[in-house]
Each structure stands twice: as structure tokens, then as C-alpha cells.
Amino acid sequence: MAKKQKLVTPKDAAEKLGISMVTARLWMKRGRLPVVKEKVVIERDMIPLTALKHAFECTCTWCGDIFESKHPEIAKFCCTDHAARHHRLHRKDPPTKRKKSKSSKRA
């Protein structure tokens, strides 16, 4: 027989993670927190307890390493060096003004 996984309510998950209920619902909607439908008397959303330890994990867009962040929705880099390299590579320099050459003047 399959082992039953321990489930917590979104409210309990939010308290354990130190986030608001709004953030917990948003993470559930975006897939950061997996949802299991449980039907006791009414059907309700539950979160596996094992998913809570991976809730703050992110993947660095530069090197692909997995790291933890307080704000996983906006974190993109595991260190400031990778962020600086990325921004140096993708920065948009302001356009330079062209100087008019003397040969283009009409005589």
C-alpha cells in the first residue's frame, strides 16, 4: 500500500514559511507550492509537507546552480558577480551622436 504523505493547509504552510496567505496562494497558482486536492467533507487544497523545504529554492540564470533566496519570485542570480557579468553583457549603451563631416557641406 502506498505511503500517505503528510499534508498541511495553505494557512499552516504560510505560517511555517513566514509568508502571507496571499503569497502562499500566489505560489500555489504559479506552481511553486504543489497542490493536492483532498476531499474530507468538502474538497480543499492541501500542500505536501515535503514541498515546504524547497519553496525558497531558485536556479541561477548565469550558472544554473540551485540556491535559496528570501524572494524566490524575483531572484535570478546566486551571487553579485553573476549579476554584474549578466548586466555587463546585456547592457544597452546610449546611442552616440554622429559628428557631421566637413565633406558633406555644400559649396
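Not measured: the values here are computed from a predicted model.

A. Spotlight on the sheet that holds strand β2 (residues 36-39). Strand order across the open sheet formed by 3 strands is β1-β3-β2, with antiparallel pairing between neighbours. Strands at the two margins of the open sheet, each flanked by one partner only, are β1 (7-8) and β2.

B. Region of the structure containing the nonpolar core. Counting 14 residues, the largest nonpolar core has Leu17, Ile19, Trp27, Leu33, Ile47 and Leu52 as its most contacted members. Contributions of two or more residues to this core are made by α1 (10-17) and α2 (21-30). Contact partners of Leu33, with chain neighbours within four places excluded, come to Leu17, Ala24, Trp27, Met28, Ile47, Ala51, Leu52 and Ala55. In terms of nonpolar packing, the next biggest core, distinct from the first, is built from 5 residues, Cys58, Cys60, Phe67 and Phe77 among them.

Criteria and thresholds
Residues numbered from 1 in each chain as written. Predicted model: local features only at pLDDT ≥ 70, side-chain atom pairs only at ≥ 80, totals over all residues. Heavy atoms only, no water. Pairing = 2+ DSSP bridges. Helix = DSSP H or I, 4+ residues; strand = E, 2+ residues; numbered from the N terminus. Core = buried A, V, L, I, M, F, W, Y, C linked by side-chain atoms within 4.5 Å. Buried < 20%, exposed > 50% of the residue type's maximum accessible area, 1.4 Å probe, protein only. Contact = heavy atoms within 4.5 Å.

Without other data, these values stay purely geometric and don't point to any function.
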